[in-house]
Amino acid sequence: MSSLPKQFVQTLRDVHKDKADEWLRDFDKLINDCEKRWQIKIMTPFDLSFNFVAPAIRKDGTEVVIKLVIPGDEFESEVDALTLFNGNGIVKIIDVDIARGILILERLIPGKTLASLENEEEAAQTASQVMKKLWIHAPTHSTNIPTTKHMEKKLLNISKRNTEGLGPITKEILQEAVNTYITMNAMPDKPYLLHGDLHHYNILMAAREPWLAIDPKGLIGDREYDVIQYLLNKLPNGDSTHVIEKRIDIFVKELNLDKKRMLSWGFAHSVLATCWTVQEDGSYSEPFFDAIHVFRSLKQR
Ligand SMILES: Nc1ncnc2c1ncn2[C@@H]1O[C@H](COP(=O)(O)OP(=O)(O)O)[C@@H](O)[C@H]1O
Ligand SMILES: [Mg+2]
């Protein structure tokens, strides 16, 4: 196995601290063990961001994908979500080892992402088709999957730790977003099992279906919540109001969703998403930050 990209190693250390060093130390052994156990040859990885993901070839020549994750709650939620979705609108699990953080997945071919579609309308309609297949009623048994109430708690903790605001986000906006979470979570609606990170780069061109999702975080809540991550990605430089509104209208129409709920969740989640991007040097995601005000002004219209 050739050495891992520096940036990827840095990301692992930033996110997982000491756990990352332990995992990296045993990485070669993990690769060897996987190759033996599943009788596969692991190839050069895809572009890595948070986890090690690579194509692999089985003895009979068929291809799979191996995903190696530092084990923990997020991984368990991902596996639970993939298991419950059961391949509808999403990649199928071939095998899994929860304790060691190993997923063997069907390989999606050609695998290019939805970000490669230039036509906004076509892309949003394609994403709608995936969402239609994917979303199911939330399971009634207990799972490792967080709910939108957990998101509310995350933002509440951020606002308690940053009483004067965080980065570009004022304390007033933080408070307004916390209140929006509280109001929205208190409104009874039938909860769904959601993907939790359904943006352009987690929808791939496939063969079993034209397009399939990958990489769910798993989330339980309103369907309107699950389109926000898409609305926040692949935005043009400058004013994004027009593009966000166009996407919203397509989702409302195609998926029969409530526009007002979508705008409220959009406002609340884009505040949380921006907070997650604020760095020590003061930089942050400008598209996420700008979207806060787009959702806010659309809501007030
Ligand atoms: N089942 C798959 N088939 C083909 N390519 C995949 C598959 N799963 C992941 N990939 C590729 O690997 C990349 C990273 O995978 P992903 O699960 O999104 O990892 P991360 O959790 O680090 O975001 C994807 O963007 C995609 O290019
Ligand atoms: Mg991903």
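Residues numbered from 1 in each chain as written. Chains lettered and ligands numbered in written order. Predicted model: local features only at pLDDT ≥ 70, side-chain atom pairs only at ≥ 80, totals over all residues. Heavy atoms only, no water.

### Examining the overall build of the chain
No. 1: The number of helices and strands found in the chain is 11 helices and 10 strands.
No. 2: Since a compact globule built from 301 residues should have a radius of gyration of about 19 Å, the 20 Å found for the chain is in line with a globular shape.
No. 3: For the C-alpha atoms alone, the extent of the chain along its principal axes is close to 60 × 40 × 40 Å.
No. 4: The buried share of the chain, reckoned over its 301 residues, is 50%.
No. 5: Summarising the internal contacts of the chain: among those between residues at least 6 apart in sequence, 68% fall at separations of at least 24.
No. 6: Taken as a whole, the chain presents about 15200 Å² of accessible surface, with 50% of it coming from carbon and sulfur. (Helix = DSSP H or I, 4+ residues; strand = E, 2+ residues; numbered from the N terminus. Rg over C-alpha atoms; globule rule 2.2 N^0.38 Å. Buried < 20%, exposed > 50% of the residue type's maximum accessible area, 1.4 Å probe, protein only. Contact = heavy atoms within 4.5 Å. Areas by Shrake-Rupley, 256 points an atom, 1.4 Å probe, with all protein chains shown as cover.)

### Some remarks on helix H2 (residues 18-25)
No. 1: Turning to H2, its buried residues are Ala20, Trp23 and Leu24. Buried residues along H2 cover an arc of 95° about the axis, so they all sit on one side. Away from its buried face, by an angle of more than 90 degrees, H2 presents the exposed residues Asp18 and Arg25.
No. 2: Looking at the buried side of H2, the elements it contacts are helix H1 (6-16), helix H3 (27-38), strand S2 (52-58) and strand S3 (63-68). (Arc of directions from axis to C-beta.)

### Focus: the domain arrangement of the chain
No. 1: Domain annotation of the chain identifies domain 1 (6-106) and domain 2 (114-300).
No. 2: Placing a centre on the C-alpha atoms of domain 1 and another on those of domain 2 gives a separation of 25 Å.
No. 3: In this complex, domain 1 contributes 17 residues to the contact, which on the side of domain 2 involves 21 residues.
No. 4: Between domain 1 and domain 2, the buried area comes to about 1600 Å², and carbon and sulfur atoms account for 59% of it.
No. 5: Looking at the side of domain 1 facing domain 2, the largest losses of area belong to Leu84, Phe85 and Gly89, adding up to 36% of the total buried there.
No. 6: Viewed at the interface, domain 2 and domain 1 are joined by two salt bridges.
No. 7: The closest approach of N and O atoms between Asp215 and Lys67, which form a salt bridge, is 2.8 Å.
No. 8: Where domain 1 meets domain 2, there are eight residue pairs in polar contact (both at pLDDT 80 or more).
No. 9: Class assignment for the residues of the side of domain 1 that touches domain 2 results in six nonpolar, four polar and seven charged. (Domains from an automatic or database assignment. Buried area = accessible area lost by both parts, 1.4 Å probe. Salt bridge = Lys/Arg side-chain N within 4 Å of Asp/Glu carboxyl O. Polar contact = N/O pair within 3.5 Å; in protein donor to acceptor, adjacent residues only side chain to side chain. Nonpolar A, V, L, I, M, F, W, Y, C, P; charged D, E, K, R; others polar.)

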